[in-house]
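The primary structure of each chain is shown beneath.
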Amino acid sequence: MFFAGLFAIYFTLRSTSPELWASQTEKLDVPFAAFNTITLVLSSVTCQFGVFAAERLQGKRTGKLFQVSKWGLVEWFFLSYAMGAVFVSLQMYEYTNLISEHVTLQSSAYGSAFYLTTGFHAAHVTGGLLCFLFIIGRAYAVKNFGHREATSAIVISYYWHFVDVVWIGLFLVIYILK
Amino acid sequence: MRAQSNIFWILAVFFFVADAGYTVWSLLSTEFQKVEWTGTLGIGLAGIMSVFLGYYMNRSHFAQSGELPEDRLDANIDDGDPEIGFFNPFSWWPIFLAAGCTIVFLSLAVGIWLIFFGVALTAIALVGWVYENYRGVYKH
């Protein structure tokens, strides 16, 4: 609902000042954002493999580090964490590029809409990253990985998939539809 | 589940009819005479969301084994009581978390230096709450 409001802000501003959108959207680096989107979508996949491990009640790996088929929840969530962190870092890099091209929060209605939508999404991703760390910590804190740990891992995965789906919407609206 | 899925199917039909009505109305209106995209998109999306939920409830209805109390006329209210799960006997952490968030928001009004204390308290409260059954008295 919150993101629906942000989408509404974006579309309303876009319909009131189309010429601003025409000049400002040219500054976006679409291939860069597409790469970033793929990273986030793949992190949802690795997160889901972590959930499968949690449903087997397997906290840690049973094989060597690079035997991916033997991975437990901890390894999959560490990988998801890394990919999510890459996503946020690259997005901050994109922000610095845009600011150097004079697209800022104050510069215009386009800048406001862009940073509000993507910024709130980035804040949600950062919250999800912290949740990953909490769940990994729980897996390390117990001797036997049980249903309580598995449930919290599954709940976090729902959140992560939601954040991912919102980004797909944002990517389509901001970078493809313009 | 049948009642739940039916509610969302009804909502979906309502939103699509309302969306069509809204679009036609904005086209016919003497002042506007074009499609008003904010409302058309918003109501249409609400319809699509209802279809999602209705479809999900419908699938769950066919996947469940046996009938839920909601769908039986002779069921009692407490037949629908679910297994709620596990709760702590008591916990101080929510109060600490609330205090941390209060200081964070207070810092926006009073002075940004306060935010360092607020963020620190919030972090401590979060970690304390998440791990309260992993250490101390209620360790499992």
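Above this note sits the structure.
Residues numbered from 1 in each chain as written. Chains lettered and ligands numbered in written order. Predicted model: local features only at pLDDT ≥ 70, side-chain atom pairs only at ≥ 80, totals over all residues. Heavy atoms only, no water.

Notes on the overall build of chain A
Note the following rule: Strands are runs of DSSP state E lasting at least 2 residues, helices are runs of H or I lasting at least 4, and numbering of each runs from the N terminus. Accessibility here uses a 1.4 Å probe with only protein chains present; expressed as a share of the type maximum, an area under 20% marks a residue as buried, one over 50% as exposed, and anything in between as partly exposed. Contacts: residue pairs with any heavy atoms within 4.5 Å of one another. Residue exposure ignores everything except the shown protein chains as possible cover, and the areas themselves are Shrake-Rupley values with a 1.4 Å probe. For the purpose of counting charges, residues Lys and Arg are taken to be positive, whereas Asp and Glu are taken to be negative. His and the chain ends are not included. By convention, the point assigned to a charge is CZ for Arg, NZ for Lys, CD for Glu and CG for Asp.
Of regular secondary structure, chain A possesses 6 helices and 0 strands. Secondary structure elements of chain A, listed N to C terminal, follow the sequence α-α-α-α-α-α. Referenced to the eigenvectors of the C-alpha coordinate spread, the extents of chain A come out at roughly 60 × 30 × 20 Å. Among the 178 residues that make up chain A, the fraction classed as buried is 45%. Contacts in chain A between residues at least 24 apart in sequence constitute 76% of all its contacts with a sequence separation of at least 6. Of the roughly 8,800 Å² of accessible surface on chain A, a fraction of 71% belongs to carbon and sulfur atoms. Across chain A, 11 positive and 9 negative side-chain charges occur, with their mean positions spaced 17 Å apart.

Let's talk about the overall build of chain B
Applicable threshold: A radius of gyration in this sense is built from C-alpha atoms; the matching globule rule multiplies 2.2 Å by the number of residues raised to 0.38.
Looking only at helices and strands, chain B has 4 helices and 0 strands in total. Starting at the N terminus and ending at the C terminus, chain B contains elements arranged as α-α-α-α. Here the C-alpha radius of gyration of chain B, 25 Å, is well above what a compact globule of 140 residues would show, namely 14 Å. Expressed along its principal axes, the backbone C-alpha trace of chain B runs to roughly 65 × 50 × 20 Å. Contacts spanning at least 24 positions in sequence make up 58% of the contacts within chain B whose residues lie at least 6 apart. Here chain B has roughly 10,400 Å² of accessible surface; of this, 72% comes from carbon and sulfur atoms. The average position of the 6 basic charges and that of the 12 acidic charges among the side chains of chain B differ by 11 Å.

Describing the layout of surface pockets
The line we're drawing: Computed over the protein atoms alone on a 1 Å grid, cavities are sets of points where a 1.4 Å probe fits but cannot get out and pockets are open sets with protein on both sides within 12 Å along at least five of seven lines; a residue lines them when it has an atom within 4 Å of a point. Grid points are joined across faces, edges and corners, and a volume is the space filled by probe spheres set on the points. Residue polarity is assigned by list, with Asp, Glu, Lys and Arg as charged and Ala, Val, Leu, Ile, Met, Phe, Trp, Tyr, Cys and Pro as nonpolar; anything else, Gly included, falls into the polar class.
Within this model, the largest pocket holds a volume of roughly 1,000 Å³. As for the largest pocket, its lining consists of 23 residues, of which M1, A4 and F7 of chain A together with L45 and M49 of chain B are closest to the centre. Taken together, the elements giving at least two residues each to the lining of the largest pocket come down to α1 (2-16) and α6 (147-177) of chain A together with α2 (37-63) of chain B. Top contributing element to the lining of the largest pocket by residue count: α2 of chain B, with 10 residues. In terms of residue class, the lining of the largest pocket is made up of 19 nonpolar, 4 polar and no charged. Roughly 650 Å³ of volume is contained in the second largest pocket.

Describing the side chain of T25 of chain A
Residue and element names in this part refer to chain A. Inspection of the secondary structure puts T25 in the loop between α2 (18-24) and α3 (30-55). Residue class for T25 comes out buried when judged on its relative accessible area of 6%. Setting aside its immediate chain neighbours within four residues, T25 contacts Y110 and K178.

Comments concerning the interface of chain B and chain A
The cut-off we apply is this: Defined in terms of a 1.4 Å probe, buried area is the accessible area two parts forfeit on being brought together, summed over both. The salt bridge definition used is simple: a Lys or Arg side-chain nitrogen within 4 Å of an Asp or Glu carboxyl oxygen. We define a polar contact as two N or O atoms separated by no more than 3.5 Å, with the added condition that, inside protein, one atom must be a possible hydrogen donor and the other a possible acceptor, whereas residues neighbouring each other in sequence contribute only through side-chain atom pairs.
Each partner contributes to the interface: chain B provides 9 residues, whereas chain A provides 10 residues. For the chain B and chain A pair, buried surface summed over both sides reaches about 980 Å², with 64% attributable to carbon and sulfur atoms. Where chain B packs against chain A, one counts 0 salt bridges. Where chain B meets chain A, there are 3 residue pairs in polar contact (both at pLDDT 80 or more). Broken down by secondary-structure element, the contributors of at least two residues to the side of chain B that touches chain A are α2 and α4 (114-130) of chain B. Broken down by element, the side of chain B that touches chain A gets its largest block of residues, 3 residues, from α4 of chain B. Its residues assigned to classes, the side of chain B that touches chain A comprises 7 nonpolar, 2 polar and no charged.

Here we look at the packing of α3 of chain A against helix α4 (residues 73-100) of chain A
All names here are of chain A. The test is simple: All axes are obtained by fitting lines to C-alpha atoms, using only the stretch in contact for helices, and the reported angles, taken between N-to-C directions, cover 0 to 180 degrees. Roughly parallel refers to an angle under 35 degrees, roughly antiparallel to one over 145, roughly perpendicular to one between 65 and 115, and oblique to any angle outside these ranges. Should the near helix be turned anticlockwise from the far one by less than a right angle, the crossing is left-handed, and should it be turned clockwise, the crossing is right-handed.
Relative to each other, α3 and α4 sit at 160°, their axes nearing to 8 Å. By the angle between their directions, the pair α3 and α4 is classed as roughly antiparallel. Once α3 is placed against α4, the crossing between them reads as left-handed. Considering only residue class, the contact of α3 with α4 consists of 19 nonpolar, 8 polar and 1 charged.

Some details on the pattern of salt bridges
Here the structure, examined in full by the defined rule, presents 2 salt bridges over all chains. Put simply, R61 of chain A and E75 of chain A hold a salt bridge, and the shortest N to O gap is 3.3 Å. A residue pair is termed long-range when its members are at least 10 positions apart, and R61 of chain A in the loop between α3 and α4 and E75 of chain A in helix α4 qualify at 14 residues. On the basis of relative accessible area, R61 of chain A is assigned to the partly exposed category, the value being 37%. When its relative accessible area of 8% is taken as the criterion, E75 of chain A is described as buried. For the salt bridge of R72 of chain B with D74 of chain B, the shortest nitrogen-to-oxygen distance reads 3.1 Å. Overall, R72 of chain B belongs to the partly exposed group, its relative accessible area being 41%.

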